[in-house]
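Understanding the architecture of this molecule
Below, each chain spelled out in residue letters.
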Amino acid sequence: MAQSFDRQKAKPHIAEEWVGKIVTLLCIALLIITIFSIVYFVASKGLSTFFKNNVNPIDLLTGLKWSPEGEPPFFGALPFIFGSFSTSILAALIAAPLGFCASVFMVEISPKFGRRYLQPVIELLAGIPSVVYGFVGLSVIVPFFRDVFPGQGIGIAAGALVLSIMILPTITTIATDALAALPKGLKEGSYALGSTRWQTIYRIVLPTTLPSLMTGIVLGIARAFGEALAVQMVIGNAPHIPRSLFESASTLTSAITLSMGNTAMGSLANNALWSLALILMLMTFVFVFIVRFLEGRSKL
Amino acid sequence: MKAKTADKIATAVIIAVSGLIVLVLAGLLGYILIRGVGHISFDFLTSPPETIRIGGGIGPQLFNSIFLLVLTMIITIPIGLGAGIYMSEYAPANRITNFIRLIVEVLSSVPSIIVGLFGLLVLVNMFNFGFSLFSGALALTVFNLPLMVRITEQGLKGVPREQKEASLALGLTKWKTITSVMLPISMPVVLTGTILAAGRVFGEAAALLFTAGMSSPRLDFTNWNPLSPFSPLNPFRPAETLAVHIWKINSEGLAPDASQIAAGASAVLVITVLLFNFGARWLGRYMYRKFTAIK
Amino acid sequence: MKKTVMLLMLLTVMVALAACGQNNNGNNAASSNAGSSEPASSEPASSEPATSDLSGSFLASGSSALQPLVDQVSKKFMDANKGVSIQVQAGGSGTGLTQVSEGQSQIGNSDVFAEEKLDADKAAELVDHQVAIVGMAAVVNPEVTVDNLTKQQLIDIFTGKVTNWKDVGGNDQKIQIVNRPSSSGTRATFEKYALGQKSEDLQGSIQEDASGTVKKLVGETPGAIGYLALSYLDDSIKTVKYEGIEATVDNIANGTYPVWAYEHMYTKGEPDAAVKAFLDYMVSDEVQNADVVELGYIPASKMQVKRDAAGNITK
């Protein structure tokens, strides 16, 4: 009697437990299905350039001439790949020292002022929409560069500068977390030995947190690599490898946004754009793996 | 002595750089607000845009942005919470879980333009949702989900172990423990994160260009039947959001006051994002205080 | 638990909304089908918006250059026909042609002939409705002293043979080209009718798809040259003559100025009643002489010359 009562009582609980488990599992399953379908669809469209239209993938990756509507058409995406890498790496080179300084300020120099003012400022930078960055870039940075440097103002330098502000929050946040997580003993030991703050920072803090800092930088590059609208507005979009930082250039994302709506789905020119998207996606995966690798090292 | 000089110089440089960052933001905000605020008026916020005449507003766009945000959050929050709960509480510690974690990470770093293209191909063309709010909301869900999962996980990890164990020891099932003990405690973290994620939705444009479209049909604000194509509530109508509108006006605007409208709309967008940020901060602090005061 | 219930409810509402929306689409399709079985439009090419017994719902998608016109006219049409609902979407000419060809939209707006974007067999299924003409002109930075450029000079500039304004009669200043991406319909038109050949994607040239950005860059950049639709011309840039002919509505209409293109609205096969009524309204005098002119296009009725997809002109 008592046993069966127990079982009856227990059943709804167990049922609830299972429902909970299954519902949450379904949620995660949905997430997994989503990512796999993104990969599948982008890949199937991107690869059709090679299989259906018989474009040689080596030509696509190394060719210098991009004219999908030309006679005969050329599909050399190297200028875009070059543009994407140069803008995002340059942006990281500008943003990394700034972000590192900001995080040192927040953790080591003046935590109170830093937490109170600098951190909200940096988070706000992360919140500003990319179209607004593009708008400001086109109306402030481009005219400024045009006046100061030879060239038309647009180009990789303008793109990199806009991107560097956009990725500053990513780099700073991760650097700050890494610095704050450093065991106190390490720093105190260094101070006890009579080191100055700067000696402590670049002899102790910097080497031990380097993998984490690199993680932040790679994540920043990944974000810059995928940013589309802000870059497209200031880079000029000529499908060539530029001869200077102030000459019109293109990135993978700017080429896609520029022509996607103008080409008919399924046409050769359209498929070629999907191939660019595929390259973009594969690069994202590479960045994620680099980040994983770095994170693995920072745990040691 | 030399070391001390180096220390002083380094400190000065670091402070200067930090100051520079603050200045850059101040300049950026100042530029946008000074150029735009003058153009903001009640009329500007409520009237529909004009194609070639002066005096267009951003009313429908503002509404679209907010409605799209609501739609996105309605889809994102339950799925994100569920997936986050699974990852933090149910997932066994094995290779598959590690793999799922990797996948979530990958999804979070997929560029928004790829998500937009995927939306164009699958949602707009294959499922035939057309350029619509619904397609836009689903596309935005795709790149907000990983964020939501991470936030939920973080929130649940922050719950003191004693509280969780006490609940389990009282004989509550794991599910019950999660929903009635752990979720409420992690609420401040989850809520703050959610609001920040919402701010991202508000500013997104690249993914929406290809999914929610660049046009806004005439809306009849007296028609609240979600099935009517003129109703603001119909999720299957094309909807240009504020961010997309700024993009379009900057590039295609024919109206003589296009640049003022772009500046005004940018200012509105930035002010909204600021409100989200401060709101999230304030709410987080308020809830933290409330919870800690009770306990 | 309460929260779960709430979430579930929200989800249900979502699903319901989704289902309703689907339903709605289904109905639309059904009603437009029903429409097409009727004898097409009882009042042939009436200039008045047809009487309000018309019903149906359809989608016009495509060219962002044509979108403002279609959008504005569709609003007027819907005011007169309460039973009709028209959605206008901008996504680019290519997208519009794809969508109408695959049946996702009923009207595909395009800046170019369908033959130029789609495969021949797909383009053959589409019916062309030319609703307006858009003229284009070469524009330069206001400080450039050149007023007139011949066809050969333009070719030399856009293929990179001439890189300095002094070679075409201007001051000693470097020419900065502001071109369009190779997929652009505007560029295709300009190349075909102004240059007569393809232009090059030159090193250092700027490429922008959007007319507003082109205008801004040409206006701000010293020595810049680009091309714009007539509706975008204003004082911030300087319009140059082509072979000594000014880009005016009259010159285009009588065929002396050759750089213009049709704005097309494509349907797949013959349109049903509601779509046909809308397209008829589009080419009616009421629209052609008002909205078309107001938005800077040239009315199709005004044209004294005609042109086919291959570019052959007939008087």
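Residues numbered from 1 in each chain as written. Chains lettered and ligands numbered in written order. Predicted model: local features only at pLDDT ≥ 70, side-chain atom pairs only at ≥ 80, totals over all residues.

As a rule of thumb, nonpolar side chains are buried together in soluble globular proteins. One finds Val42(A), Ala158(A), Val162(A), Val234(A), Ala277(A), Ile114(B) and Ile246(B) to be the most contacted residues of the largest nonpolar core, which totals 267 residues. Counting residues per element, this core draws most heavily on helix H6 (residues 156-180) of chain A, at 16 residues. Apart from the residues lying within four places of it in its own chain, the contact partners of Ala158(A) are Gly137(A), Ile141(A), Val142(A), Phe145(A), Gly153(A), Val234(A) and Ile235(A). (Core = buried A, V, L, I, M, F, W, Y, C linked by C-beta atoms within 7 Å. Buried ≥ 20, exposed ≤ 12 C-beta atoms within 10 Å, placed from the backbone. Helix = DSSP H or I, 4+ residues; strand = E, 2+ residues; numbered from the N terminus. Contact = placed C-beta atoms within 7 Å.)

Once that is clear, we can look at the interface of chain A and chain B. The partner chain B presents 62 residues to the 61 residues of chain A that form the contact. Among the secondary structure elements, those contributing two or more residues to the side of chain A that touches chain B are helix H1 (2-51), helix H3 (78-109), helix H4 (111-127), helix H5 (130-148), helix H8 (197-226), helix H10 (252-259) and helix H11 (268-299) of chain A. Here the side of chain A that touches chain B takes 20 residues from H1(A), the largest share from any one element. Taken together, the residues that form the side of chain A that touches chain B break down as 42 nonpolar, 13 polar and six charged. (Nonpolar A, V, L, I, M, F, W, Y, C, P; charged D, E, K, R; others polar.)

Okay, the pairing of strand E1 (residues 56-62) of chain C next. Residue and element names in this part refer to chain C. Of all seven residues that make up E1, six are buried, and the element is covered over most of its length. As paired strands, E1 and strand E2 (residues 84-90) are joined by seven bridges and run parallel to one another. Each bridged residue has a counterpart across the sheet, and for leucine 59 the counterpart in E2 is glutamine 87. Between the parallel elements E1 and E2, the chain passes through helix H2 (residues 67-80) in a crossover that is right-handed. Where E1 and strand E3 (residues 107-110) come together, three bridges link them in parallel fashion. Bridged to alanine 60 within E3 is isoleucine 107. (Pairing = 2+ DSSP bridges. Right-handed = clockwise from strand over helix to strand, strands pointing away.)

This paragraph deals with the packing of helix H3 (residues 59-90) of chain B against helix H8 (residues 174-203) of chain B. Residue and element names in this part refer to chain B. Where H3 meets H8, the axes come as close as 10 Å, and the angle between the chain directions of the two elements is 140 degrees. As far as their axial angle goes, H8 and H3 are oblique. Pair H3 / H8 crosses with right-handed handedness. Of the residues in H8, those in contact with Ser65, Leu69, Thr72, Met73, Ile77, Ile85 and Glu89 of H3 are Lys174, Ile178, Thr194, Ala198, Val201 and Phe202. Tallied by class, residues from the contact of H3 with H8 come to eight nonpolar, three polar and two charged. (Axes fitted to C-alpha atoms, helices over the stretch in contact; angles between N-to-C directions. Parallel < 35°, antiparallel > 145°, perpendicular 65-115°, else oblique. Left-handed = near helix turned anticlockwise from the far one by under 90°.)

This brings us to the UniProt feature "transmembrane region" (unreviewed entry) in chain B. Residues and elements named next belong to chain B. Listed under "transmembrane region" (unreviewed entry) in the UniProt record, and renumbered for this structure, are residues 12-34, 66-87, 99-123, 129-147, 181-202 and 261-280. With 100% helix and 0% strand, residues 66-87 has its two end C-alpha atoms placed 30 Å apart. End C-alpha atoms of residues 99-123 are separated by 27 Å, and the span's content is 92% helix alongside 0% strand. (UniProt positions renumbered as here; feature names shortened; annotations may be inferred.)

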